[in-house]
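# Chains, contacts and geometry: an overview
Here are the chains, one letter per residue:
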Amino acid sequence: MQDLYQDRQRVLQTAFVICAILLVFKCFQIQIWDKSYQQQHSYREAVTLYPSRGALKDRNGELMVYNLAMYDLKVTYNQVRKSNIDTLAFCKLLGITDSTFYKNLNKDFNDRRFSQRKPFNFLTQIPGDKFASIEERLYEFPGFKSQRKSVRGYPAHVGAHMLGYISEVSPAKIKKSNGLYQRGEYIGTSGLELSYEEQLRGIRGVEHVLKDKWGKRKGKYKEGAMDVSAVSGYDLITSIDLELQAYGEQLMQNKIGAIVAIEPSTGEILAMVSTPSYDPAILAVNRNRKDAFRALQRDSLIPLFNRALMAQYPPGSIFKTTLSAIGLQERILTPGRGMACGGGFVYGSLRIGCHGHGSINDVGNAIQYSCNKYYCQTFRELVNVYGFYYPEKGMDRLADHLHSWGLGARLGVDIPNEASGHVPTAAYYNKKHGKGMWKFSTAVSVGIGQGELLITPLQMANMAAIIANRGYYYIPHFAKEFEGDTTGTLDKFKKRHYTKVHPMHFEPVVNGMERVVTAGTGARSKIPDITMCGKTGTVENNKGKDHSTFIAFAPKDNPKIAIAVYVENGGYGSTYAAPISSLMIEKYMKRSIESPQRKSLEKRMLQADLIKREKPSYSATP
Ligand SMILES: [Zn+2]
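This is a predicted model, so every value here is computed, not measured.

So, on to a nonpolar patch on the surface. Side chains of Val-385, Tyr-386, Phe-388, Tyr-389 and Tyr-390 sit close together on the surface and give an oily, nonpolar patch of about 550 Å² of accessible area. By the secondary structure assignment, Tyr-390 is in the loop between α16 (372-383) and α17 (391-404).

What follows is the structure in structure tokens.
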């Protein structure tokens, strides 16, 4: 009996142990090995991987625009409601008030943009350095998660107009993009950021993450088999010389106008300045951007307007260089043609005065002394080339020449909003005065760069590049190279565009421009050891003081830089535009201004204030 009882007990004990072992084994199998069980009690989340946007560098590899890490904090309403988070500690961590907390959390859930079950933005654009301490403790606050994004940083704080900016992509663009853009992403909206959006943006990726029911990351879904990595955008090497750009912006401070410098042998833009300007960093994506933008829009000096390629100015006497070359090509002029000035051009009751100058024995003298009589007469003969009664044909022949110099139409620079300028044609005068109702004298002020002829500073610099090249140009551009791109995006900038003037006709023009600087109107802007060829312009302005302008290139042979400077209300060309051009050229070629005489000229230009106003509220605060 006793034995039977003991046997039974042993059997029961054994069965119990076996059951226990089976149970432990099953639990182990379920929890550790069996993925299907695991997956039933966890969920997959697709996390967008944002590509890093391509950086912008100068021609020497110096960074102009780079990426700054920025974080958006997202919240899932239901998860916060269910958990009991320490609101006070959370607000303290983020540096927000509790009213902000509730405002950002309690959205109008009738609005289709928000759902209690799906994450929405709680706080955006938290700078990377500030976010590090938040990230560390984020696990204490269920329902909140972070999203890394990159925005733009500007180490040099210059070049605002050409660089442009990025903005959050609009719903309309998202709709049109066929899935290329998603809400909350950034897109280039102006300048190079807009022109090269396709190359800079990169390609978005996705990572599928497995999370437990508490939202804790458990690992990759299917070992990452479905993941796609993000592809970074191409870095853009621009044509800009950052040091020269910064120097140009300094020289133009407190002045209204523009500088454009081009490498004639390539068409690469070395510097493009438009003033008044602003620090590009104030339009970087951050919470103060709207205010900065409004202040810029309200400013009466319109700093958002890129004068270098949007302002259309009468060129003044710098145009006499171009007209000389065309006159030589048309055999109106010969290199040795002289002319008695007699104080100006007179035709009937029309009189265009000249200033006292030395005798004009050749084209070089005419450029050197900027003789108005000489160019009114040249213009007259050009327009009357088919006879006095046929100014239409002559006018259009001249306009054809000017179009071949890239005037009267957009050059095609690789940033938006370029203006075309204006080259008057026969049709233009027919419309204005009636067919047969005008003659050469109606338009004669065009011969000295006044009147209906309008040119952008970019086109002026291109004119200087054409003369430097003795007859051709490349489309001025900023994009030198995309690092690693071989798709030929930039091939269009490698094509030469010829003018209708033969190279041989440029030599008298170049010699005249050399004399402008050695013994003419630009003599005070001579650069030690560098032969600069230039031409001054003083542009009559019926709204105020004359504009000061200058085009130049250097050295005379194998020129490395061509430049145009336009200073509104600066007076004589020799007062501001010529000295500023010469300093830019010296800086580019020697990397510094050395002689005491040149140093004092530099100081004078830096200190000149032609605006005289309070510092604007958006002024640079790096
Ligand atoms: Zn004269």
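Before going further, it helps to examine the coordination of the zinc ion. The zinc ion binds to the protein through Cys-341 (SG), Cys-354 (SG), His-357 (NE2) and Cys-371 (SG); the donor distances cover 2.1 to 2.3 Å. Seen from the zinc ion, its four donor atoms lie at angles of 106 to 120°, and the figure they make is tetrahedral. Sequence spacing of the donors to the zinc ion: C-x12-C-x2-H-x13-C. Of this pair, Cys-341 sits in the loop between α14 (319-329) and β13 (344-347) while Cys-354 sits in the loop between β14 (350-353) and α15 (363-369), placing them 13 residues apart in sequence.

The next subject is helix α4 (residues 87-94). Burial analysis of α4 places six of its eight residues in the buried class, which makes it a mostly covered element. The complete set of buried residues in α4 reads Thr-87, Ala-89, Phe-90, Cys-91, Leu-93 and Leu-94. Positive phi shows up at Gly-95, right after α4, with a value of about 70°.

It is worth spelling out the packing of α14 against helix α20 (residues 506-519) at this point. Relative orientation of the contacting elements α14 and α20 amounts to 150°, with a least axis distance of 9 Å. Overall, the two elements α14 and α20 adopt an arrangement that is roughly antiparallel. Considering only the axes of α14 and α20, their crossing is right-handed. Contact residues: Thr-321, Ser-324, Ala-325 and Leu-328 in α14; Phe-506, Pro-508, Val-509 and Met-513 in α20. Here the residues of the contact of α14 with α20 are counted per class, giving six nonpolar, two polar and no charged.

Read across the sheet, five strands follow the order β12-β11-β20-β19-β18 without closing on themselves; strand pairing throughout is antiparallel. Each of the sheet's edge strands pairs with one partner strand only, and the pair in question is β12 (268-275) and β18 (533-539). Sheet twist, expressed as the mean angle between neighbouring strand axes with direction ignored, is 5°. Bridge count for strand β11 (residues 257-263) against β12 is seven bridges, and the pairing is antiparallel. Bridge pairing in β12 places Ala-258 opposite Ser-274. Most of the contacts of helix α11 (residues 242-251) go to β12, to which it runs at about 25°, and overall it touches β11, β12 and β20 (561-567). Sitting on the sheet, helix α19 (residues 457-468) touches β11, β12, β19 (547-554) and β20, and the angle it makes with β20 is about 145°.

Relative to β14, β13 runs antiparallel, the two sharing four bridges. The partner of Tyr-347 across the bridge, within β14, is Leu-350. In sequence, β13 turns back onto β14 through a hairpin of two residues, with Gly-348 there showing a positive phi of about 60°.

This paragraph deals with the pattern of salt bridges. Side chains carrying opposite charge are able to pair once their charged atoms draw close together. Counted under the stated rule, the structure contains 32 salt bridges. Note that Arg-53 and Glu-197 form a salt bridge whose closest N and O atoms lie 2.8 Å from each other. Highlighted residues: Arg-53 in the loop between β1 (42-49) and β2 (56-57) and Glu-197 in helix α10 (residues 197-201), separated in sequence by 144 residues. For Arg-53, a relative accessible area of 8% corresponds to the buried category. Residue Glu-197 is classed as buried on the basis of its relative accessible area, which comes to 7%. A salt bridge links Arg-152 to Glu-193, with the shortest nitrogen-to-oxygen separation between them at 2.8 Å. One end of the pair, Arg-152, is in strand β5 (residues 144-153); the other, Glu-193, is in helix α9 (residues 191-195), with 41 residues separating them in the sequence. By the burial criterion, Arg-152 is buried, and Glu-193 matches it.

About the cut-offs
Residues numbered from 1 in each chain as written. Predicted model: local features only at pLDDT ≥ 70, side-chain atom pairs only at ≥ 80, totals over all residues. Heavy atoms only, no water. Patch = residues over 30% accessible without salt bridge, like charges linked within 9 Å, V, L, I, M, F, W, Y side chains within 5 Å. Areas by Shrake-Rupley, 256 points an atom, 1.4 Å probe, with all protein chains shown as cover. Salt bridge = Lys/Arg side-chain N within 4 Å of Asp/Glu carboxyl O. Helix = DSSP H or I, 4+ residues; strand = E, 2+ residues; numbered from the N terminus. Donors = N, O, S within 2.8 Å, 3.2 Å for Na, K, Ca; no water. Tetrahedral: all angles 85-135°; square planar, octahedral: opposite > 155°, others 65-115°. Buried < 20%, exposed > 50% of the residue type's maximum accessible area, 1.4 Å probe, protein only. Axes fitted to C-alpha atoms, helices over the stretch in contact; angles between N-to-C directions. Parallel < 35°, antiparallel > 145°, perpendicular 65-115°, else oblique. Left-handed = near helix turned anticlockwise from the far one by under 90°. Contact = heavy atoms within 4.5 Å. Nonpolar A, V, L, I, M, F, W, Y, C, P; charged D, E, K, R; others polar. Pairing = 2+ DSSP bridges.

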